[in-house]
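So the chains spell out like this:
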Amino acid sequence: DAKTTQPTSMDCAEGRAANLPCNHSTISGNEYVYWYRQIHSQGPQYIIHGLKNNETNEMASLIITEDRKSSTLILPHATLRDTAVYYCIVRVGRKQGGSEKLVFGKGTKLTVNP
Amino acid sequence: DGGITQSPKYLFRKEGQNVTLSCEQNLNHDAMYWYRQDPGQGLRLIYYSQIVNDFQKGDIAEGYSVSREKKESFPLTVTSAQKNPTAFYLCASLHGSSYNEQFFGPGTRLTVL
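Residues numbered from 1 in each chain as written. Chains lettered and ligands numbered in written order. Predicted model: local features only at pLDDT ≥ 70, side-chain atom pairs only at ≥ 80, totals over all residues. Heavy atoms only, no water.

### A word on the sheet that holds strand 8 (residues 76–78) of chain B
Pairing between sheet strands relies on hydrogen bonds along the backbone, with the strands arranged either parallel or antiparallel.
All names here are of chain B.
Turning to step 1, where the next piece is worked out: Pairing is antiparallel across the open sheet formed by four strands, whose spatial order is 1-3-8-7. Sheet topology places strand 1 (4–7) and strand 7 (64–66) at the edges, where each strand pairs with a single neighbour. Pairwise comparison of adjacent strand axes, ignoring direction, gives a mean angle of 20 degrees for this sheet.
Turning to step 2, where the next piece is worked out: Pairing of strand 1 with strand 3 (residues 19–25), which is carried by four bridges, proceeds in the antiparallel orientation. Opposite I4, over in strand 3, you have Q25 as the bridge partner. (Pairing = 2+ DSSP bridges. Helix = DSSP H or I, 4+ residues; strand = E, 2+ residues; numbered from the N terminus. Axes fitted to C-alpha atoms, helices over the stretch in contact; angles between N-to-C directions.)

### A few points about the interface of chain A and chain B
Turning to step 1, where the next piece is worked out: Contact residues are listed per partner, giving 20 residues for chain A and 27 residues for chain B.
Turning to step 2, where the next piece is worked out: Regarding the contact of chain A and chain B, the summed buried area is about 1900 Å², with carbon and sulfur atoms giving 49% of it.
Turning to step 3, where the next piece is worked out: Viewed at the interface, chain B and chain A are joined by zero salt bridges.
Turning to step 4, where the next piece is worked out: For the pair chain A and chain B, the number of links is four residue pairs in polar contact (both at pLDDT 80 or more).
Turning to step 5, where the next piece is worked out: Broken down by secondary-structure element, the contributors of at least two residues to the side of chain A that touches chain B are strand 3 (31–38), strand 4 (45–50) and strand 8 (84–92) of chain A. (Contact = heavy atoms within 4.5 Å. Buried area = accessible area lost by both parts, 1.4 Å probe. Salt bridge = Lys/Arg side-chain N within 4 Å of Asp/Glu carboxyl O. Polar contact = N/O pair within 3.5 Å; in protein donor to acceptor, adjacent residues only side chain to side chain.)

### With respect to the pairing of strand 3 of chain A
Residue and element names in this part refer to chain A.
Turning to step 1, where the next piece is worked out: Burial runs high along strand 3: eight of the eight residues are buried.
Turning to step 2, where the next piece is worked out: Alternating positions in strand 3 separate into two faces, E31, V33, W35 and R37 on one and Y32, Y34, Y36 and Q38 on the other, with burial throughout.
Turning to step 3, where the next piece is worked out: Note: strand 3 against strand 4, five bridges, orientation antiparallel. When the sheet's bridge partners are listed, R37 is paired in strand 4 with Q45. (Buried < 20%, exposed > 50% of the residue type's maximum accessible area, 1.4 Å probe, protein only.)

So, in structure tokens, the structure goes:
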């Protein structure tokens, strides 16, 4: 699975959009981009995933560059409860014969300030 | 409500004792996973199981053992052979064919004194 690079930490004002970047320059054609978040002392929570098209759900939007070497997770109106560590992971989808493993790096610590 | 439960949330043991962490899911998921997380670090895979009565080692299986006698249950035993057992342990599950995202339990924080 390709490796990812994320900033160690970011701050965002409550009510503003939080844009979390992720670099995955070695991503291969059949690898998806996944985002999870982990609130302190809880289990990680799935947010969103995508292959090459931009994706949106009730939690966030995922913007993937055309060359797929980077992506941005957007929380459109951040709240204090969005303070968490956000993990960007790339892997081959399980239905496409990908590994069972999710390789979690250290992620980005997002702090939403009042 | 469907979900994954881990018990207990906090666990204390003396050094040299084996301890078993519970993980139960009622999501009818085929695959289950155990991860370990140390402070300020990402998750590392200990063991995983794709079907009942079958499991595979992850990246850090030494000192741990698992069983998968029922689809709903995947207990993890931390043995005395695990040199640094104090950590946050997370269990996860995944539907067999339709979905790609793993669902995580709330975790068990194990402290070995």
